[in-house]
Amino acid sequence: MKWQGLINKYKEYLPVSNKTPIVSLNEGNTPLIFAPHISSLIGEKIKVFLKYEGLNPTGSFKDRGMTMAISKALEDGAHAVMCASTGNTSASAAAYSARAGLKCIVLIPKGAIALGKLAQALIHKAHVIAIDGNFDDALTLVKEITNKYPVTLVNSLNPYRIEGQTTGAYEVCDQLGSPPDILSIPVGNAGNITAYWKGFKRYQEAGKIESLPKMLGFQAAGAAPIVNKKIIEDPKTIATAIKIGNPASWQSAEAARDESNGLIDSVTDEEILNAYKILSSKEGVFVEPASAASVAGILKLAQNNYFTENDEYNIVCVLTGHGLKDPDRAIKSIEEPVIIPAKVESVLKEIGFE
Ligand code: F0G
């Protein structure tokens with residue numbers, strides 16, 4: 001049957017009814033891509049797969065939660081929604097609100113949003129407000145306002161966001177034909193690691209899978225409150241999507257880590273950029289820097305001999321957002337093309353065919 005979005009596909013696992021007006025852009029069903037080069041860097045018997053969430057309608061995994069949050073907001077009679085964002089949540093909220101005819105207000109940290117994401121929120125006609133503060137400050141303001149005024153919060157503190165994002169776990173299991181042994185995922189506000197773990201556990205309870213994966217979460221080294229066990233007042237990283245110092249779902253991320261016998265570690269900006277370049281130049285997969293943290297993390301662990309088992313096993317890395325979201329970072333990471341005369345001889349000389 002034609003794909004009609006993830007609520008339609010997984011409604012038996014989601015808090016929706018026949019009365020829920022489903023707002024969908026046919027999100028979900030993103031490819032799970034085998035990564036031969038990265039697999040070879042990790043270990044002989046290990047297969048690494050990439051869950052390419054950048055291929056959702058607005059270019060990030062946020063659409064999974066947003067189709068649920070906006071559908072339920074509409075069902076509950078809301079007129080306006082609001083979020084704080086490092087960019088992707090606002091892009092997704094703006095698009096789904098446009099579709100639903102809801103007013104969308106977004107608070108972003110001034111100067112810290114990748115260009116593509118800002119363009120998305122604006123083109124979908126959200127009311128975009130930049131604050132002189134970071135993401136954590138923006139979220140504090142949004143929580144206070146949505147508590148007092150008739151505006152629905154659509155950050156991942158909204159339980160429907162997490163519910164929608166559980167579908168990432170169902171899809172990974174359905175696509176692999178079994179649960180992965182390990183799931184590697186970037187951690188920012190910690191909603192997605194929470195959602196995947198909830199999804200895997202729910203799929204197990206439903207008898208769809210037998211075992212559960214180990215959850216490996218990765219924060220950027222300059223924005224690693226869970227790893228450092230303390231709030232980071234002034235987080236710093238080139239991976240702006242996960243530049244967060246006080247994650248909303250801190251405790252449930254720790255629970256996912258501990259219950260799955262996994263870990264939450266940090267990766268430096270250098271490690272993130274290295275993985276970003278390996279993904280684009282060796283696997284043909286273009287992601288935004290934050291997404292590369294999941295691959296950077298397993299490369300780091302492989303160097304420290306974390307993967308010692310002799311059995312064959314599968315690792316799934318969640319690649320949360322598309323590379324075109326952050327064109328400035330891409331341009332900083334490449335060499336500018338040469339400019340030559342428009343002549344056959346010049347082209348042949350340039351490519352070494354003279
Ligand atoms: N990767 C990308 C591309 C993101 O945009 C985010 C979060 C994460 C990873 C981390 O996911 O917060 O569930 O742990 N972006 C949020 C936003 C904060 O506002 O777009 P998380």
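Residues numbered from 1 in each chain as written. Predicted model: local features only at pLDDT ≥ 70, side-chain atom pairs only at ≥ 80, totals over all residues. Heavy atoms only, no water.

Caption draft 1: Here's a closer look at a nonpolar patch on the surface. On the surface, Val338, Ile340, Val344, Val347, Leu348, Ile351 and Phe353 cluster together into a nonpolar patch covering about 640 Å² of accessible area. If you trace the backbone, Ile351 turns up in the segment after α15 (344-350). (Patch = residues over 30% accessible without salt bridge, like charges linked within 9 Å, V, L, I, M, F, W, Y side chains within 5 Å. Areas by Shrake-Rupley, 256 points an atom, 1.4 Å probe, with all protein chains shown as cover. Salt bridge = Lys/Arg side-chain N within 4 Å of Asp/Glu carboxyl O. Helix = DSSP H or I, 4+ residues; strand = E, 2+ residues; numbered from the N terminus.)

Caption draft 2: Quick look at the site of the ligand. In the region of the ligand, 19 residues are neighbours, and Ser85, Asn189, Ala190, Asn192 and Thr320 sit closest. A distance of 2.8 Å is found between an oxygen atom of the ligand and a backbone nitrogen or oxygen belonging to Thr86. In the model, a nitrogen atom of the ligand is placed 2.6 Å from a nitrogen or oxygen of the Thr320 side chain. Residue assignment for the shell around the ligand shows that the elements contributing at least two residues are α4 (88-100) and α9 (191-205). (Near = heavy atom within 4 Å. Polar contact = N/O pair within 3.5 Å; in protein donor to acceptor, adjacent residues only side chain to side chain.)

Caption draft 3: Region of interest: the pattern of salt bridges. One pass over the structure, following the stated rule, counts 13 salt bridges. Two residues, Glu53 and Arg64, come together in a salt bridge whose shortest N-O distance is 2.5 Å. Here Glu53, found in the loop between β2 (46-52) and α3 (62-75), pairs with Arg64, found in helix α3; they are eleven residues apart in sequence, far enough to count as distant. For the pair formed by Glu53 and Arg64, the shared burial category is buried. Across the salt bridge formed by Glu75 and Lys72, the nearest N and O atoms sit 3.2 Å from each other. One end of the pair is Glu75 and the other is Lys72, both in helix α3 and three residues apart, which spans about a single turn. Accessibility expressed as a relative area gives 8% for Lys72, which makes it buried. (Buried < 20%, exposed > 50% of the residue type's maximum accessible area, 1.4 Å probe, protein only.)

Caption draft 4: Looking closely at the sheet that holds strand β8 (residues 214-220). Ordered in space as β1-β2-β10-β7-β8-β9, the six strands form an open sheet in which the pairing is mixed. Looking at the sheet topology across the chains shown, the edges are occupied by β1 (32-34) and β9 (263-267). Averaged over all pairs of adjacent strands, the angle between their axes in this sheet comes to 25°, without regard to strand direction. The strands touched by helix α8 (residues 167-176) are β1, β2 and β10 (313-319); relative to β2, the strand with the most contacts, the crossing angle is about 130°. (Pairing = 2+ DSSP bridges. Axes fitted to C-alpha atoms, helices over the stretch in contact; angles between N-to-C directions. Contact = heavy atoms within 4.5 Å.)

Caption draft 5: Up close: the packing of aromatic side chains. Under the criterion given, the structure shown has eight aromatic pairs. Taking 5.5 Å as the distance between ring centres and 55° as the angle between the ring planes, the aromatic pair formed by Phe34 and Phe49 counts as tilted. One end of the pair, Phe34, is in strand β1; the other, Phe49, is in strand β2, and 15 residues separate them in sequence. Looking at Phe34, the relative accessible area reads 38%, which means it is partly exposed. With a relative accessible area of 14%, Phe49 lands in the buried category. An aromatic cluster is present here, built from Tyr10, Tyr13, Tyr170 and Tyr203 joined pairwise through their rings. Between Lys9 and the ring centre of Tyr10, over which it is positioned, the NZ or CZ distance is 5.7 Å. (Phe/Tyr/Trp six-rings, centres within 6.5 Å; stacked < 30°, edge-to-face > 60°. Lys NZ or Arg CZ within 6 Å of the ring centre and 35° of its normal.)

Caption draft 6: Summary view of the nonpolar core. With 40 residues, the main nonpolar core has Ile42, Val48, Phe307 and Ile315 as its most contacted residues. For this core, the elements supplying multiple residues, two or more each, are α2 (36-42), β2, β8, β9, α12 (269-282), α13 (289-303) and β10. Sorting elements by how many residues they give to this core places α13 first, with nine residues. Contact partners of Phe307, with chain neighbours within four places excluded, come to Ile42, Ile46, Ile182, Ile298, Leu301, Ala302, Tyr313 and Ile315. Judged by nonpolar contacts, the second largest core, of 32 residues, contains Leu6, Leu32, Trp197 and Ile264. (Core = buried A, V, L, I, M, F, W, Y, C linked by side-chain atoms within 4.5 Å.)

Caption draft 7: A look at the sheet that holds strand β4 (residues 103-109). Judged by pairing direction, the sheet is parallel, and its four strands sit side by side in the order β5-β4-β3-β6 without closing on themselves. Looking at the sheet topology across the chains shown, the edges are occupied by β5 (127-131) and β6 (152-153). Relative to β5, β4 is paired through five bridges, and the arrangement is parallel. Bridge pairing links Leu107 to Ile129 in β5.

The values reported here are purely geometric and, on their own, carry no functional implication.
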